[in-house]
Amino acid sequence: QKTGKCVIKDDGVNEFVEKAKTADGFVFATPVYFAHPSGRIYDFLDRVFYSAGGYDAFKFKPGAAVAVARRGGTTAALDGINKYFGIAQMPVAGSTYWNMVHGNCPEEVRQDLEGLQTMRNAAKCMAWMLKCFEAGKAQNIALPDTKKEVSTNFIR
């Protein structure tokens, strides 16, 4: 964390953090296998958010989590990803239902009409948030001046 780089250098995490610094917002998606986000996205996001140190690459940028499952576990998966947004002070782009679709294969997902509608609405919400942030910048509306000066540790 001290360097702002992940010590593992051959898998794209450091490149992603560099690109994240200039991104306007983020959509992180995961398949659901065992009622939670895939291990691959958890590993990636843990390393990304930790190595980004201070979360400046993500702070005040909207994020949306998306989950895809055959049947269940999607809300737990969304909750897992949304926690990264909360700790990094990222507004969350929602929709008219949880950002999920269901299906065991692409053909089945295409039959989830409500899920697809939810995804379209999530995209519209994300686009609207990005436009609002740009309008705020154009009007010189300052971002919140948040502090992280105190850290409580109960282990003595």
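Report follows, based on the coordinates. Computed from a predicted model, the values in this text were never measured in an experiment.

**So, the packing of helix 2 (residues 39-51) against helix 3 (residues 74-87)**
So, step 1. Their axes nearest at 11 Å, the elements helix 2 and helix 3 cross at an angle of 5°. The pairing of helix 2 with helix 3 is recorded here as roughly parallel in orientation. Contact residues: Ile 41, Tyr 42, Leu 45, Asp 46 and Phe 49 in helix 2; Gly 80, Ile 81 and Tyr 84 in helix 3.
So, step 2. Classifying every residue of the contact of helix 2 with helix 3 by side-chain character gives 6 nonpolar, 1 polar and 1 charged.

**A short note on the pattern of salt bridges**
Between side chains of opposite charge, a pair can form as their charged atoms come close.
So, step 1. In this structure the tally under the stated criterion is 6 salt bridges.
So, step 2. Here Glu 107 ties to Arg 110 by a salt bridge, and the two come within 3.8 Å at their closest N and O atoms. Residue Glu 107 and its partner Arg 110 are located together in helix 4 (residues 106-111), separated by 3 residues, close to a single helical turn.
So, step 3. On the accessibility criterion, Arg 110 (54% relative accessible area) is exposed.
So, step 4. We note a salt bridge from Lys 147 to Asp 145, for which the minimum N-O separation is 2.9 Å. Neither residue differs from the other here; Lys 147 and Asp 145 are each classed as exposed.

**Remarks on the sheet that holds strand 1 (residues 26-31)**
So, step 1. If you walk across this open sheet you meet the 3 strands as 1-2-3, and the pairing is parallel. The sheet is open, and its two borders are formed by strand 1 and strand 3 (100-102), each paired with just one other strand. Pairwise comparison of adjacent strand axes, ignoring direction, gives a mean angle of 15° for this sheet.
So, step 2. By the bridge criterion, 6 bridges tie strand 1 to strand 2 (residues 63-69) in an arrangement that is parallel. Following the sheet pairing, Ala 29 is matched in strand 2 by Val 66.
So, step 3. Those strands touched by helix 3 are strand 1, strand 2 and strand 3, and its axis lies near 155° from that of strand 2.

**Quick look at the packing of helix 1 (residues 13-20) against helix 2**
So, step 1. At a minimum axis distance of 10 Å, the contact between helix 1 and helix 2 shows a crossing angle of 55°. Viewed along their axes, helix 1 and helix 2 adopt a mutual orientation that is oblique. Considering the relative orientation of helix 1 and helix 2, their crossing is right-handed. For the pair helix 1 and helix 2, contact is made by Val 13, Phe 16 and Val 17 and by Phe 44, Arg 47, Val 48 and Ser 51, respectively.
So, step 2. Among the residues forming the contact of helix 1 with helix 2, the class breakdown is 5 nonpolar, 1 polar and 1 charged.

Rules and cut-offs
Residues numbered from 1 in each chain as written. Predicted model: local features only at pLDDT ≥ 70, side-chain atom pairs only at ≥ 80, totals over all residues. Heavy atoms only, no water. Axes fitted to C-alpha atoms, helices over the stretch in contact; angles between N-to-C directions. Helix = DSSP H or I, 4+ residues; strand = E, 2+ residues; numbered from the N terminus. Parallel < 35°, antiparallel > 145°, perpendicular 65-115°, else oblique. Contact = heavy atoms within 4.5 Å. Nonpolar A, V, L, I, M, F, W, Y, C, P; charged D, E, K, R; others polar. Salt bridge = Lys/Arg side-chain N within 4 Å of Asp/Glu carboxyl O. Buried < 20%, exposed > 50% of the residue type's maximum accessible area, 1.4 Å probe, protein only. Pairing = 2+ DSSP bridges. Left-handed = near helix turned anticlockwise from the far one by under 90°.

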